[in-house]
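Listed below, chain by chain, are the residues.
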Amino acid sequence: MEIKHYDYVVLGGGVSGLGFAKRITDHGKSVLILEKEDFIGGLSRSIEHNGFYLDYCAHRFHTNNKELLNEVMNLPGLEMKKHIKKSRIYMFNRYLKYPFEIQQLLAAMPLHQSIASGFSFLWNQVAKRYRKTNKLQSYKEWFIHLYGKQLYNVMCYPYTSKIWRTDPKNLSADWADQRFQGENMRKLIKRVIKKILTLDFSSYNLKDDSLAPDGGPFYYPMRGIQEMCDALARAATNNGAKIEIEANVLSVNTENKIVTYSLNGQEQTVTYGGLVSTIPLQTYYNLQERKNLEVEKSLSEIKYMDIIFVYLFINKPQLSNDHWLYFPDKDIIYNRAVEFSNWSPLMCPEGKTSVCFDITAFQDTKEWQMTDAELVEKTISDSIKVNYLERSDVESSLVVRVKYAYPFYDLDYKRKLDIIVNHLEHNNTALLGRTGMFKYNNSDNSIESGFALAEEFLKEGGKNSVYEYKIKAVSY
Ligand SMILES: Cc1cc2nc3c(=O)[nH]c(=O)nc-3n(C[C@H](O)[C@H](O)[C@H](O)COP(=O)(O)OP(=O)(O)OC[C@H]3O[C@@H](n4cnc5c(N)ncnc54)[C@H](O)[C@@H]3O)c2cc1C
């Protein structure tokens, strides 16, 4: 049997692996991507279903890194349209702007709660200047430090505990840092205070991304985010990259730099110079030969969160004009609703729309145990309750369950992750991406770190790792 050699082998064909493959082949290196599914794109894939195009939720492309944006926008055959994010949140029996305008939130609250929250917020702005803060450990501490206790109870606790199925006091503040870091948050807080002090109750301009964390413009292809993944793959294969889908990786020998996998029932062996794993940490650990009890203990104690997508196909052109609707109420089964015809008219057949409702879960969560029919029924009845749709609007449905969707940051995750990464990044092996590095990354961060890892490998004396790499762009 012929044994082929590649400069690099990448496990997983999500956007981080594809980004790595593009950049490394830009520099003339050979690369083989092994993807277990029959599609590339990973979490950023789209599904074609009876003339509808569906993402997992929906994947907007958004970055503050101009070079990255330029490179992605110029990928071969990719057309993306610019959108201004429109979203609302269902609270106090009405739809409010999201991200929150604090003054609008205060106006919608029952009076006693709104007065208490307003004072608590303003008091906190003063008090935090004099407060001695050590490193904020939990998401709860982080939020209260910025906004005060009352707003924590209203704005943070319900939605966060619903998404993560965990009290925010047990979630690491790293999650918040990664999600809302930086300049924009400071600007937003300043603006909110100014508006409250000057009794200015006007709305923000949706186009003003600098003033709304998680807001502002983003880019989206015509038929789902898959088109961006396909374009990245095209750029890499045009450079000579080889992508094998439905590849079943059997083992990785990191000492001798050998990967074995089966493809169409045939066992294949390849050797490599460098290996990049973008697959779940536990999966990769089991494939490679180096075992260690402390690492196994850490691996058994960190977990990914899974997600269920309930898609409803609707017999009218539009339900609302939002990109996203958020539902913090625990009695509503889903977290968000994403309506695809608002993302691109080509996502749905003419005169119809479709909606993705997402439900985050662990495998032992009751929702994960529900049948598809039960999930669809609960989704429809909850949507009627919040005046989003009527039963007669729904033509059909689809349920998709996805594992390893979110790295779950408990308070001690970083210590455990350091042990794992230290062990697995061995002999020119690098971990990469949201799943492979257990990093709460968006797709722009995943691609950017793929590029950065390629550059590390290419650099004389490079670290061959991006575990400590700080993303240049603000990540939302
Ligand atoms: C619900 C949801 C909504 C999101 N919305 C946005 C958004 O709006 N904008 C945004 O920028 N980002 C968004 N993201 C984040 C984005 O999806 C990720 O950052 C990105 O897709 C991660 O890419 P990756 O390559 O790092 O990992 P993955 O996509 O997880 O890729 C890993 C790949 O490895 C493959 N694999 C697994 N096991 C094996 C194995 N044993 N052998 C071979 N291959 C294997 C998988 O099939 C997969 O293709 C969202 C994520 C989720 C879950």
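Right above here is the structure, for reference.
To keep things clear, this report deals only with the structure shown in the data block. Worth saying up front: this structure is predicted, and the values here are computed from it rather than measured.

1. What to know about helix α5 (residues 139–147)
- The element α5 is extensively covered by neighbouring structure, given that 7 of its 9 residues are classed as buried.
- At the exit of α5 stands Gly148, carrying a positive phi of roughly 95°.

2. Observations regarding the site of the ligand
- Around the ligand sit 34 residues, and of these Gly12, Gly14, Gly42, Gly433 and Asn442 come closest.
- Going through the elements one at a time, α1 (15–26), α15 (433–436) and α16 (443–458) are the ones with two or more residues in the shell around the ligand.
- Of the residues contributing to the shell around the ligand, the split by class is 11 nonpolar, 16 polar and 7 charged.
- When we break the shell around the ligand down by domain, the ones giving at least three residues each are domain 1 (4–47 + 64–81 + 222–302 + 410–458) and domain 3 (304–406).

3. Description of the sheet that holds strand β16 (residues 353–361)
- Across the sheet, which stays open at both edges, the 7 strands sit in the order β7-β6-β14-β15-β16-β13-β17 with mixed pairing between neighbours. The strands lining the two open edges of the sheet, one partner per strand, are β7 (94–97) and β17 (394–407). Recorded for the sheet is a direction-independent mean angle of 25° between the axes of neighbouring strands.

4. Describing the packing of α5 against helix α6 (residues 149–164)
- Closest axis-to-axis distance for the α5/α6 pair is 9 Å, and the angle between their directions is 140°. Relative to α6, the element α5 is oriented oblique. α6 is crossed by α5, and the crossing has right-handed handedness. On the side of α5, the interface is formed by Tyr139, Lys140, Phe143, Ile144 and Tyr147, while α6 contributes Lys149, Leu151, Tyr152, Met155, Cys156 and Thr160.

5. Describing the pairing of strand β11 (residues 258–263)
- Of the strand pairs in this sheet, strand β10 (residues 248–253) and β11 are connected by 5 bridges, and their pairing is antiparallel. Paired with Asn248 across the two strands is Ser262, which belongs to β11.
- If you look at the hairpin formed by β10 and β11, you'll find 4 residues sitting between the two strands, and Lys257 has a positive phi there, around 55°.
- Inspection of the sheet shows β11 paired to strand β12 (residues 266–277) by 6 bridges, in the antiparallel sense. Bridging from a neighbouring strand, Tyr261 pairs with Gln268 of β12.
- Here β11 folds back onto β12, and the loop between the two strands holds 2 residues, one of which, Asn264, carries a positive phi near 50°.

6. Some details on the pairing of strand β6 (residues 87–91)
- Pairing of β6 with strand β14 (residues 324–326), which is carried by 3 bridges, proceeds in the parallel orientation. Paired with Arg88 across the bridge in β14 is Leu325.
- Of the pairings in the sheet, the one linking β6 to β7 comprises 4 bridges and is antiparallel in character. By the bridge assignment for β7, Arg88 is matched with Lys97.
- Two successive antiparallel strands, β6 and β7, enclose a turn made up of 2 residues, where Phe92 displays a positive phi of approximately 50°.

Rules behind the numbers
- Residues numbered from 1 in each chain as written.
- Predicted model: local features only at pLDDT ≥ 70, side-chain atom pairs only at ≥ 80, totals over all residues.
- Buried ≥ 20, exposed ≤ 12 C-beta atoms within 10 Å, placed from the backbone.
- Helix = DSSP H or I, 4+ residues; strand = E, 2+ residues; numbered from the N terminus.
- Near = placed C-beta within 6 Å.
- Nonpolar A, V, L, I, M, F, W, Y, C, P; charged D, E, K, R; others polar.
- Domains from an automatic or database assignment.
- Pairing = 2+ DSSP bridges.
- Axes fitted to C-alpha atoms, helices over the stretch in contact; angles between N-to-C directions.
- Parallel < 35°, antiparallel > 145°, perpendicular 65-115°, else oblique.
- Left-handed = near helix turned anticlockwise from the far one by under 90°.
- Contact = placed C-beta atoms within 7 Å.

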